Amino acid sequence: MSVILHTSSELPDSSSYQSWLAVTGTNVLLDNSNKLPNLAEKLEQAFMENRETWWGIGKELGREPTAAFAHMPTGGAFGSDFGVMLAWSQLVQNLASAADTCLVVCDDPWLFRHLQGIPGIMAGKRPNLMQAEFKLAIRGWLARTKTALKSAHAALSVKSKRNIQQPGGTAILVYGHPRSTPDGFDAYFGNLMTEEPKLTRVLHVDCGVARARELAGGGRTSSLHQWGCPLFALSLIWTRWHNRHPLTDNKYAWLIRRSIKIENSGGGPAMTLWQSHCQDRWLERVKPARVCWPWENHAWERNLCRSAKKLEVKTLGYQHTVVGPHQINYSTATNPDGLESIPDMVICDGPAYRDEVAAWGVPAERLTIGGAFRFKKFTQRCFDPSGPIFVPLSAIPAAAQSQIQAAKKLSDLGKKVLVKEHPMYPVSFRETENMTRTHETLTEQSGLSAVLFCTGTSGLEAILMKVPAYRLILDDRIAINILPASVNVPSITLEDVEQMVRADTAIVSADWNQILAEPDMNIWHSLLFGDMHADNNTQQIQTQKAL
């Protein structure tokens, strides 16, 4: 016996094991001195080793029509924790063959049953599955009802602006980001609308009615909601992800079932179907020549590509931000129809991320570099060894809470800490003398001694600003690493966060031009209104000559 598996309500005597760990969502009060060491590192390594497993399962499940509304089949690490479950599975399986006995504490009813089936596991009483699934089912009905009513209301509330979109034109399809403005500035595409007066903007259905009306004030922006049918919106209450294939022969059957139940407990599948419904009706009725959007290869984007191809609408996916080793949804490996659900052209923000997207299956002839609107070159050093530590909070609430804990530890050591909330996912926390809130972004800061990031783009920005950067990794989930393969920064945990104060860390050197590129408006104009492939061919020829 090398692994004993129990819930937090039935813990064995401490003399029966040498080490312990608690899996995601399980809180326990045990002696930290014998907690399994380097858990965060081991979990992340196991996640990386199981990427292909997730790709294979996602592709198979993606053949079901309703899987087109779900995150898990696309390999979406931000929208699904299936990869974390695979990592826990491998980590526990490795422990089962070790000499020492490890206590694994798990209150998750699906993961518990999966782990119980691993050879060498001695399990206690299983957590209640029926109760957990009943609660999720009720929550799902409530969430879908709310989504259906909100969508129907939105469709009825924004019906008056249809004439903004003209047949045969080019539009960008974007989320309703807080930093976008009615005059055309867009958080994803910068000043592109100013440079291209014929370009129009369409808002994703995640943008509420009030915000959509505000952004429409400039006369070139409209909401996808206006193309939706209110009666169809009411039918969203029935939208669920179904898996019609039996799972009994799949070794990960419990984990797949878990993903299905969890995704169906929220409004996500209904919202994705509403997005697909609205964008399909927009494509059919407006018939734009081209549509460009911030591409991340999510389910609604794959649906957009399929619908656009049927209508001979050219699709341009803008790889607008960062990729990194954990955002495996950018891979084509989970697409059941291969390249059919990939944009006709993927416009990358620079060479490093272009290479990552190419490595994950997008053909070179469908890749080009248009430049980064969201990242600017920094002309001066922002590093000051005596300055405060900047902590940009993650969009993942649990990760943001861990960052706040880390910031509190640093402030208790006498270090000044500036905490910046994510603009779309605010988190409340108590300010102290040394730990204060800032509304200025990292690029607006000066005189920083370090940046403690977890997920998001701030880690890359810190490196480009030549400020020491640390990535906080977690022992209960994956902190999505967005850095390109050529860039590595120190990873720290809550237990060793003090090293940011006590150790001198060399600044990671990175060449801006090797990672990103300045926006090339000539290329963008050709892609949006001219020959989509001409500039890509020119780029390839120039690259070959340079080599």
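Every chain is numbered on its own, with residues counted from 1 as its sequence reads. Only residues with pLDDT of 70 or above have their local features reported here, since the model is predicted, and side-chain atom pairs are shown and tallied only from 80 upward, although totals for entire chains, interfaces and linings are computed over all residues. Side-chain measures were taken over the full set of non-hydrogen atoms in the model, leaving aside hydrogen atoms and water.

Among buried residues, those of type Ala, Val, Leu, Ile, Met, Phe, Trp, Tyr and Cys that are joined through side-chain atoms within 4.5 Å constitute a nonpolar core. The rule is simple: take the accessible area with a 1.4 Å probe, protein chains only, and divide by the maximum for that residue type; under 20% is buried, over 50% is exposed, in between is partly exposed. The biggest cluster of nonpolar side chains holds 129 residues, and the ones touching the most others in it are Leu21, Trp88 and Leu460. The helix count covers DSSP runs of H or I at least four residues long, the strand count covers runs of E at least two residues long, and both are numbered beginning at the N terminus. When residues in this core are grouped by element, the largest group, ten residues, is from helix H3 (residues 82–96). Any pair of residues with heavy atoms lying within 4.5 Å of one another is described as a contacting pair. Non-local contacts of leucine 460, meaning those with residues more than four positions away in its chain, are made with Val322, Tyr353, Phe375, Ile482, Leu483, Pro484, Ile515 and Leu516. The next biggest cluster of nonpolar side chains, apart from the first, holds 26 residues, and it includes Ile404, Ala406, Phe429 and Met500.

A separate point is the packing of helix H4 (residues 109–116) against helix H5 (residues 129–157). Axis definition: a line fitted to C-alpha atoms, limited for helices to the stretch in contact. Angles are taken between N-to-C directions and run from 0 to 180 degrees. Between H4 and H5, the least distance of the axes is 9 Å, while the angle of their chain directions is 140°. Accordingly, the angle class assigned to the pair H4 and H5 is oblique. Where H4 abuts H5, its residues Pro109, Trp110 and Arg113 lie against Leu129, Ala132, Glu133 and Leu136. All amino acids are sorted into three groups, where Ala, Val, Leu, Ile, Met, Phe, Trp, Tyr, Cys and Pro are nonpolar, Asp, Glu, Lys and Arg are charged, and the leftover types, Gly among them, are polar. Of the residues in the contact of H4 with H5, the class split is five nonpolar, no polar and two charged. Oblique is the label for any angle not under 35 degrees, not over 145, and not in the 65 to 115 range, which are roughly parallel, roughly antiparallel and roughly perpendicular in turn.

The next point concerns the sheet that holds strand E12 (residues 389–392). Strand order in this open sheet of six strands is E14-E13-E12-E15-E16-E17, and the pairing throughout is parallel. At either end of the open sheet lies a strand with only one pairing partner, and these are strand E14 (435–437) and strand E17 (491–492). At least two DSSP bridges between two strands are required for those strands to pair. In terms of strand pairing, E12 meets strand E15 (residues 450–453) through two bridges, oriented parallel. Following the sheet pairing, isoleucine 389 is matched in E15 by alanine 450.

Bringing the environment of serine 509 into the picture now. With respect to the element layout, serine 509 can be found in the loop between helix H15 (499–502) and helix H16 (512–515). Overall, serine 509 belongs to the exposed group, its relative accessible area being 67%.

As a further point, take helix H10 (residues 268–286). To estimate the expected span of a helix, subtract one from its residue number and multiply by 1.5 Å. For H10, which comprises 19 residues, the first-to-last C-alpha distance of 26 Å matches the rise-based estimate of 27 Å (1.5 Å per residue) to within 8%. With 14 of its 19 residues buried, H10 lies for the most part within the structure.

A few words on the pattern of salt bridges. The salt bridge criterion pairs a side-chain nitrogen of Lys or Arg with a carboxyl oxygen of Asp or Glu, the two atoms within 4 Å. Using the criterion set out here, one finds 15 salt bridges in the structure. Salt-bridge contacts for aspartate 475 lead to lysine 35; the nearest nitrogen and oxygen are separated by 2.4 Å. Of this pair, aspartate 475 sits in the loop between strand E16 (469–472) and E17 while lysine 35 sits in the loop between strand E2 (19–22) and helix H1 (39–49), and the two are 440 residues apart along the sequence. Judged by relative accessible area, which is 21%, lysine 35 ranks as partly exposed. Between aspartate 355 and arginine 354 there is a salt bridge whose closest N-O contact spans 2.8 Å. By relative accessible area, which is 45% here, aspartate 355 ends up partly exposed.

Another aspect to go through is the state of the cysteines. In plain terms, two cysteine sulfur atoms within 2.5 Å form what is called a disulfide here. If you walk through the whole model with that rule in mind, you get zero disulfides. Unpaired in this structure, cysteine 348 has its nearest cysteine sulfur neighbour in cysteine 292, at a distance of 12 Å. A relative accessible area of 0% means that cysteine 348 is categorised as buried.

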